[in-house]
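Results of the structural survey
Here is what each chain is made of, one letter per residue.
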Amino acid sequence: MGSGPNGLVAAIELARAGRRVLLLEAAERFGGGLRSAELTLPGRVHDLGATVMAMALASPAMRGLGLEGRGPGQVEFVHPGVAAAHPLDDRPAVLVHRDAGRTREGLGADGAVWDATAGAAARAGFPLVDLLVKPLGPWRPDPRAFAAAARFGVAAALPATTFARRALRTVEGRAVFAGMAAHSVLDLRSPITTGYGLLLASLAHLVGWPLVKGGSQVLADALVARLRELGGEAVTGHRVRRLDELTGLGAETIVLDVTPRRFLEMAELPARYRRRLERYRYGPGVFKLDWALDGPVPWRDPAVAAAGTVHLGGTLEEIALSEAEVAAGRHSPRPYVLLTQPYAADPTRGGHTLWAYCHVPNGSPVDMTGAIEAQIERYAPGFRDRVLARHAMGPADLEAWNPNLVGGDIGGGLAGLRQFVNRPVWSPAPWRTPLPGVFLCSASTPPGGAVHGMGGWQAARLATRG
Ligand SMILES: Cc1cc2nc3c(=O)[nH]c(=O)nc-3n(C[C@H](O)[C@H](O)[C@H](O)COP(=O)(O)OP(=O)(O)OC[C@H]3O[C@@H](n4cnc5c(N)ncnc54)[C@H](O)[C@@H]3O)c2cc1C
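Looking at an unreviewed UniProt entry, one finds the protein named FAD-dependent oxidoreductase and attributed to Nonomuraea cavernae.

What follows is the structure, encoded as structure tokens:
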């Protein structure tokens, strides 16, 4: 049930294992966080949710499907000239290239540390990623990967502010690292935020930060096509309200791409497990904007034009303050903004479209349009004159589109240290539930949010292992 990347991967793995599979999706289109739609003007393709596909390319679950390519049923991942840019007020933007050496050169005095952390993790390659996205195993005995993971883990455990202040010296190095770590939607003074920053930075070098040509929906549709090739059925417009509906269909195995909040609503659960799920916490929400523009964003530093992703928010101190405010339940007047300009990599989206969001307290009703656009204007004066149409989604709109986005939380639950290990409960196999044959696979299970399908892969593995 549920056709986000985790639900789709679970369905495909079950079909590959010879099961008869029926996939039920509540929405009118498949994909969950992989949906695209004409949100602003006819012909303009916007990604409603995920757009940067670094995790999809790196994930062992997705790599194993061989979807990347130009053949029928395959998906083209398109790379911008620059993976990510971080503009600053009074100096040139910092650029993160796919090439670690070029990035190192651009970072000056902080280049060596960047290379020894993010660069080294990228050089450790897929064996390291495989360990990181399977925090509970199963692991292949690979001593070099374990050694790389141990080295990664030492820095990764630190708060991003601590790592940035201790290891990095320049305004540029600290700012660009803060922009990476803030993807975690956590207070940057909390543990393991360095890990999120380093993982994302290393993926920029290992696989790049590509987009899906034509929009993320193309990836969702390719996954559905793969499921159907394997004999699976997939249906949209079917919201499951009670688990009994699925047991009533005679299902032997039920894999739910839902978050604990929704699972609690749909099933009678043993009291102890229910209490544990009730303790599961959701993180801040997001306020998202999509624009149709009549030309590219007029960045003050022209180098930013080549970037697929742009982190707006200025220095380490400013970004850390913005994220601390949100973690404390307040709105930042100068929010950290995560922006993508798909046209830098993909000319097939009907023109210049732009995608951005900032973090807000969970469930916030506040319209952040002005604050987000002010951050863009700060680095791109004249931006507002380029806007032909805009589309806004606050937490309530996001949750109405996809019930997994509780209060606008796009990661399936707070991703701090506590819920890194209790996701959604502490268990060596948290995908299993106390109900026989019923599994959870959403981003509320390890390894958490992003398009990697690993929750689905793990749930299917347990289901087929018996
Ligand atoms: C605005 C935004 C930006 C993001 N950016 C990125 C990014 O750039 N890169 C990245 O890697 N990740 C990104 N993410 C995160 C990523 O999209 C999610 O982590 C990922 O989609 C989670 O996958 P999932 O399968 O667990 O659930 P989802 O993708 O949330 O899918 C769950 C599906 O289950 C369906 N469903 C739920 N309840 C029922 C029911 N009762 N009956 C039937 N169907 C049901 C829903 O309709 C939905 O289709 C972003 C997310 C958002 C919202």
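Once you've had a look at it, read on.
1. Concerning the overall build of the protein
What the protein contains, in helices and strands, is 19 helices and 15 strands. The C-alpha radius of gyration computed for the protein amounts to 21 Å, which stays within 12% of the reference 23 Å derived for 466 residues, consistent with globular compactness. Taking the principal axes of the C-alpha coordinates as reference, the protein spans close to 65 × 50 × 45 Å. Classification of the 466 residues of the protein by burial places 60% in the buried group.

2. Regarding the environment of Leu354
Here Leu354 is to be found in strand S13 (residues 352-360). Every residue in contact with Leu354, bar those within four places of it in the chain, is listed here: His46, Leu289, Asp290, Trp291, Leu293, Val297, Leu339, Thr340, Gln341, Pro342, Tyr343 and Phe383.

3. Looking at the site of the ligand
Of all residues adjacent to the ligand, which total 35 residues, the nearest are Glu25, Gly33, Asp257, Asn402 and Ala450. One of the backbone N or O atoms of Gly4 is found 3.5 Å from an oxygen atom in the ligand. At 2.9 Å, a side-chain N or O of Asn6 approaches an oxygen atom of the ligand. In isolation the ligand offers 1000 Å² of accessible surface; the protein chains occlude 94% of this area. Those elements that provide at least two residues to the shell around the ligand are helix H1 (5-16) and S13. Considering only residue class, the shell around the ligand consists of 17 nonpolar, 14 polar and four charged.

4. As for the packing of helix H8 (residues 160-167) against helix H9 (residues 171-181)
The N-to-C vectors of H8 and H9 enclose an angle of 160°; their axes lie 10 Å apart at closest approach. Here H8 is positioned roughly antiparallel relative to H9, judged by the angle of their axes. Here the hand of the crossing between H8 and H9 comes out right-handed. Residues Ala160, Phe163, Ala164 and Arg165 of H8 form the contact with H9, whose participating residues are Arg174, Phe177 and Ala181. When its residues are assigned to classes, the contact of H8 with H9 shows five nonpolar, no polar and two charged.

5. Quick notes on the nonpolar core
Counting 96 residues, the largest nonpolar core has Leu203, Trp209, Leu219 and Leu223 as the members making the most contacts within it. Ranked by the residues each element gives to this core, the list is headed by H1, at seven residues. With residues near it in sequence (within four places) discarded, Leu219 still touches Leu34, Met53, Ala56, Leu67, Val75, Val212 and Val451. Ala93, Leu289, Ala380 and Phe383 belong to the second-largest nonpolar core, a separate cluster that totals 28 residues.

6. A word on the packing of aromatic side chains
Tallied over the entire structure, the rule returns five aromatic pairs. When the centroid spacing of 4.9 Å and the interplanar angle of 50° are considered together, the rings of Phe163 and Phe177 count as tilted. With a gap of 14 residues between them, Phe163 in helix H8 and Phe177 in helix H9 connect regions that are remote in the sequence. Of the two residues examined, Phe163 and Phe177, each falls in the buried class. Consider the rings of Trp291 and Phe383, whose centres lie 5.6 Å apart with planes at 85°: the pair is edge-to-face. Highlighted residues: Trp291 in strand S10 (residues 285-293) and Phe383 in the loop between helix H16 (369-379) and strand S14 (387-393), separated in sequence by 92 residues. The ring of Phe126 carries Arg63 above its face, with NZ or CZ at 4.0 Å from the centroid.

7. Concerning helix H15 (residues 316-327)
Taking 1.5 Å of rise per residue, the 12 residues of H15 would be expected to cover 16 Å, and the 16 Å separating its terminal C-alpha atoms lies within 8% of that figure. Buried within H15 we find Leu316, Ile319, Ala320, Ser322, Glu323, Ala324, Glu325 and Val326. As for H15, its buried residues are in contact with strand S5 (82-86), H8, H9 and S13. With its phi angle positive at about 90°, Gly329 sits one or two positions after the end of H15.

8. Things to note about the pattern of salt bridges
The tally for this structure, following the rule as stated, stands at 25 salt bridges. Close ionic contact of Arg91 with Glu172 constitutes a salt bridge, the shortest N to O distance being 3.4 Å. Of this pair, Arg91 sits in the loop between S5 and strand S6 (94-96) while Glu172 sits in helix H9, and the two are 81 residues apart along the sequence. In this structure Arg91 comes out as partly exposed when scored by relative accessible area, which is 31%. Residue classification places Glu172 among the partly exposed residues on the basis of a relative accessible area of 25%. One salt bridge connects Asp187 with Arg189, and the closest N-O pair in it is separated by 2.7 Å. Of the residues examined, Asp187 reaches a relative accessible area of 16% and is grouped as buried. The class for Arg189 is exposed, based on a relative accessible area of 56%.

9. Some words on the side chain of His205
Within the secondary structure, His205 sits in helix H10 (residues 193-206). If we ignore the near neighbours within four places in the chain, the residues touching His205 are Val96, His97, Arg98, Asp99, Ala100, Thr103, Trp114, Ala118, Gly119 and Ala122.

10. A closer look at H1
Over its 12 residues, H1 runs 16 Å from end to end, which matches the ideal 16 Å to within 8%, given 1.5 Å per residue. Burial analysis of H1 places 11 of its 12 residues in the buried class, which makes it a mostly covered element. Buried within H1 are the following residues: Pro5, Asn6, Gly7, Leu8, Val9, Ala10, Ala11, Ile12, Glu13, Leu14 and Ala15. Buried residues along H1 sit in contact with strand S1 (22-24), helix H3 (60-63), helix H11 (217-229), strand S9 (254-256) and helix H19 (454-465). In the stretch just after H1, Gly18 is the one whose phi turns positive, near 95°.

About the criteria used
- Residues numbered from 1 in each chain as written.
- Predicted model: local features only at pLDDT ≥ 70, side-chain atom pairs only at ≥ 80, totals over all residues.
- Heavy atoms only, no water.
- Helix = DSSP H or I, 4+ residues; strand = E, 2+ residues; numbered from the N terminus.
- Rg over C-alpha atoms; globule rule 2.2 N^0.38 Å.
- Buried < 20%, exposed > 50% of the residue type's maximum accessible area, 1.4 Å probe, protein only.
- Contact = heavy atoms within 4.5 Å.
- Near = heavy atom within 4 Å.
- Polar contact = N/O pair within 3.5 Å; in protein donor to acceptor, adjacent residues only side chain to side chain.
- Areas by Shrake-Rupley, 256 points an atom, 1.4 Å probe, with all protein chains shown as cover.
- Nonpolar A, V, L, I, M, F, W, Y, C, P; charged D, E, K, R; others polar.
- Axes fitted to C-alpha atoms, helices over the stretch in contact; angles between N-to-C directions.
- Parallel < 35°, antiparallel > 145°, perpendicular 65-115°, else oblique.
- Left-handed = near helix turned anticlockwise from the far one by under 90°.
- Core = buried A, V, L, I, M, F, W, Y, C linked by side-chain atoms within 4.5 Å.
- Phe/Tyr/Trp six-rings, centres within 6.5 Å; stacked < 30°, edge-to-face > 60°.
- Lys NZ or Arg CZ within 6 Å of the ring centre and 35° of its normal.
- Expected span 1.5 Å × (residues − 1).
- Salt bridge = Lys/Arg side-chain N within 4 Å of Asp/Glu carboxyl O.

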